[in-house]
Amino acid sequence: MLKRILVPTDFSENARHACVFAQSLAKTIPGATLRLVHVFMPNIETEYPTMSTPVVDHLRVREDMLNEFADEMGEKERELLVGFAADELVRMSESYDII
């Protein structure tokens, strides 16, 4: 049975639609949980690495974006990851029933 639902987001309009669909699905499944996840890879200028924005600044901005999105969607469970989206989502898929 589908109980754990993972909803990746890039904060786009399509991601909003996917979240609404996942929320509707979760309501039909007793005990279902839903978690939003945003994965990003910060761009680091390799020619001038000392002039790049610190990763912690990127994290703050993305965390704010995720929190705003989750609050708008009415979701409490959320997670922010740094890495390649495909790799992180495959890794996380082991703990979820549906993405």
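Residues numbered from 1 in each chain as written. Predicted model: local features only at pLDDT ≥ 70, side-chain atom pairs only at ≥ 80, totals over all residues. Heavy atoms only, no water.

One broad trend across soluble globular proteins is that nonpolar side chains are buried collectively. Judged by nonpolar contacts, the single largest core of 13 residues is most densely connected at I5, V7, C19, A22, L34, L36 and F69. Looking at this core, the elements that each hand over two or more residues are strand 1 (4-8), helix 1 (13-27), strand 2 (33-40) and helix 2 (55-73). Those residues in contact with V7 that lie beyond four places of it in its chain are C19, A22, L34, R35, L36 and V37. By size, the runner-up hydrophobic cluster in this structure holds seven residues, among which are L6, L81, L89 and M92. (Core = buried A, V, L, I, M, F, W, Y, C linked by side-chain atoms within 4.5 Å. Buried < 20%, exposed > 50% of the residue type's maximum accessible area, 1.4 Å probe, protein only. Helix = DSSP H or I, 4+ residues; strand = E, 2+ residues; numbered from the N terminus. Contact = heavy atoms within 4.5 Å.)

Taken over all residues, the pLDDT of the protein chain has a mean of 91, while the share at 70 or more is 90%. Taken element by element, the protein chain is modelled with least confidence in helix 2, mean pLDDT 93, and with most confidence in strand 1, mean pLDDT 97. (pLDDT = per-residue confidence, 0-100.)

Another point: the pattern of salt bridges. Pairs can form between side chains of opposite charge once their charged atoms are near each other. Scanning the entire structure with this criterion turns up six salt bridges. In this structure, E72 engages R16 in a salt bridge whose closest nitrogen and oxygen atoms are separated by 2.7 Å. Taken as a pair, E72 in helix 2 and R16 in helix 1 lie far apart in primary sequence, 56 residues in all. A salt bridge links R91 to E88; the nearest nitrogen and oxygen atoms lie 2.9 Å apart. With R91 and E88 both in helix 3 (residues 85-93), this residue pair falls three residues apart, about one helical turn. Taking the relative accessible area as the measure of exposure, R91 reaches 44% and is therefore partly exposed. A residue is classified by how much of its surface remains accessible, and E88, at 17% relative accessible area, is buried. (Salt bridge = Lys/Arg side-chain N within 4 Å of Asp/Glu carboxyl O.)

As a further point, take the packing of aromatic side chains. For the structure shown, the criterion picks out one aromatic pair. Over the ring of Y96 we find R4; its NZ or CZ atom is 4.3 Å from the centre of that ring. (Phe/Tyr/Trp six-rings, centres within 6.5 Å; stacked < 30°, edge-to-face > 60°. Lys NZ or Arg CZ within 6 Å of the ring centre and 35° of its normal.)

Before going further, it helps to spend a moment on helix 2. In this model, helix 2 (19 residues) spans 27 Å end to end at C-alpha, consistent with the 27 Å of a helix rising 1.5 Å per residue. Inspection of helix 2 places L66, F69, A70 and M73 among the buried residues, and these make up the whole buried set. Taken down its axis, helix 2 places every buried residue within 95° of arc, on the same side. Opposite the packed face of helix 2, turned more than 90 degrees from it, sit the exposed residues D64, E68 and D71. Looking at the packing, one finds that the buried side of helix 2 touches helix 1, strand 2 and strand 3 (78-82). One or two residues past the end of helix 2 sits G74, with phi positive at roughly 75°. (Expected span 1.5 Å × (residues − 1). Arc of directions from axis to C-beta.)

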